[in-house]
Amino acid sequence: MADEHYDVIVIGSGPGGGALAQKLAPSGKKILILERGDYLPRETANWSSNEVFVQGRYQARETWYNAEGDKFEPGLHRYVGGNSKVYGAALFRLRERDFGELVHSDGISPAWPLRYEEFAPWYDEAEQLFHVHGERGEDPNEPPCSGAFPYPPVSHETEVEALRAGLAAQGLKPFHLPLGILLEERDGKPTRTSRCIKCDAFDGFPCPLDAKADSQVVCIDPMLRDHANVTLLTNAMVDRLETDASGKRITQVCVTRNGQPERYSADIVVAACGALSTSLLLLRSANAAHPQGLANGSGQVGRNYMRHNQSVLMALSKEPNDATFQKTLAVSDYYFDAPDWPYPLGLIQMMAKSHADQIRGETLPAWLEWLPDMPFETMARHSMNFWLSSEDLPRPENRIQLGQDGRVTLSLTPNNMQAHHRLRAKLEAALRSMNTHPTLLERKLYFGKDIALGGTAHQAGTSRFGTDPASSVLDLHCKAHELDNLYIADASFFVSIGAVNPTLTIIANALRVADHIGQRLGVA
């Protein structure tokens, strides 16, 4: 199999690579998918809060450094399906205004070179592919859509419905969270044949029932089943990409698979390793024609890294919260501004309940002052949990770098944090009158074990797209300006990140790029 030639090689099997490959698969073109990891094991530990969050069982065992030289393990998951194996499956469209220039208190969020209308039909296709459940018309900042969600919203449990009513009574407009999930409900309960059972181990956990709409479940596995022209190789680390003497074409994809070197070639090569890992691949591939790294004549590869300003927060209710699946509600009223603040704040959404093992693994001094005798199990039962996300702005100094010795440095100076602090204050104020303690505990373990940079789950930027090769890495089709046959299909292309989860935009863009590649290959 080594040294074979393919029509398309896709590096990475996450949402971008998976969506792009499955779009091209029916063409009959010869496609190779190279995945650095293996299939994530289906085991009882998939449902263990201690194993998943406290022990970091499925987190990549890699050592990176921050700008100060401190070590940390990045929140990456090297499996078939990529990071989507453990994502929360909240699948939002960027807001229409996110594609234009937005003024923040800390500066400008730059405009994208394409408008929302260019992505709208691909968002439609992405929602269908990833089984998105939701309700149109509830989200006050939802962009224009051509029709209903493919699947009905996931029903609120009693406690979440009470929260919704309480927020609505304050004049807010809470809405059903758009979720990618293989769920059938009747009267608010999973049906007997539903793959998803609405358990309490969905958000941040791998799903051994394959009920989460991750890239392996909805892209890779069905594609391999239905299309013999597609090959997946696991445990295949792409070390570098080699070019011809002119530096204009990728001629060899150099791989180490199960410890052995292999080489492959293709008419088209697509990097979809995730914004950080794709940048490292380009930097590892420096040669005489590309001395700063492949496609890096602009010096922009690895720069403008974004990951959202994020908090995972736990509040305590005086009454027990017996909801099992509470990740069904979101609030976007403060997405673009607030009555007392003219700038964007961000998005509030529910997330999975805390488990006792997670709370036990956190640092709780501020809480223990007023809860000295409350067992962790009791705290978990009385908890309500929220994910707050605000936009961070692209800055060239926020970047990933590769040293000559292979050392990876991720430099990040937070910005636009005042908006995030104000968003947290809005949530505290809303909860204060709802029988819930307004002091919020930050749950850092959700982002991964021992991560110093706030998590890399929403990694974006690093190889932005645009029309000017001097200030961007990719053209409008996400092809490298400097190479004829290299494309990128992960979140590297983002110019800004908005404040919603980026995965649906990654999928939609990958489908858009696949359509362009198909045209190049003569596929209708």
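This text gives an overview of the structure that appears in the document. The numbering scheme is per chain: residues are counted from 1 as the chain's sequence reads. Note on the predicted model: pLDDT of at least 70 is required for a residue's local features to be given, and 80 or more for side-chain atom pairs to be given and counted; whole-chain, interface and lining totals, by contrast, use all residues. With hydrogens and water excluded, all non-hydrogen atoms of the structure serve as input to the side-chain values.

**Observations regarding unusual backbone geometry**
Most peptide bonds take the trans configuration, and most residues that are not glycine carry a negative phi. The backbone phi angle of Asn235 is positive, close to 55°, even though this residue is not glycine. Among the secondary structure elements, Asn235 is positioned in the loop between β12 (230-233) and β13 (236-243). Classification of residues uses two cut-offs on accessible area relative to the type maximum, computed with a 1.4 Å probe and protein chains only: under 20% is buried, over 50% is exposed, and between them is partly exposed. Overall, Asn235 belongs to the partly exposed group, its relative accessible area being 27%. One non-glycine residue with positive phi stands out, namely Ala295, at about 65°. A run of H or I in DSSP becomes a helix once it reaches four residues, and a run of E becomes a strand once it reaches two; helices and strands are each numbered from the N terminus. Its place among the elements puts Ala295 in the loop between α6 (275-284) and β16 (303-306). Exposure remark for Ala295: the relative accessible area of 2% places this residue in the buried category.

**Points about the packing of aromatic side chains**
Between two aromatic rings, the relevant description is the distance of the centres plus the angle of the planes. Two aromatic rings, drawn from Phe, Tyr or Trp (for Trp, its six-membered ring), form a pair once their centres lie within 6.5 Å of each other, and the interplanar angle then sorts them: stacked below 30 degrees, edge-to-face above 60, tilted otherwise. Per the stated rule, a full pass over the model turns up 19 aromatic pairs. Geometrically, the ring pair formed by Trp64 and Phe72 is edge-to-face, given 6.4 Å between the ring centres and 85° between the ring planes. Accessibility expressed as a relative area gives 2% for Trp64, which makes it buried. A network of ring pairs unites the aromatic residues Phe99, Trp112, Tyr116, Phe119, Tyr123, Phe465, Phe493 and Phe494 as a single cluster. The ring centre of Tyr335 lies 5.8 Å from the NZ or CZ of Arg95, which sits over that ring. In this scheme, the term charge over a ring applies when either NZ of a lysine or CZ of an arginine sits within 6 Å of the ring centre and within 35 degrees of the ring normal. Positioned over the ring face of Tyr65 is Arg407, at 3.6 Å from the centre of the ring.

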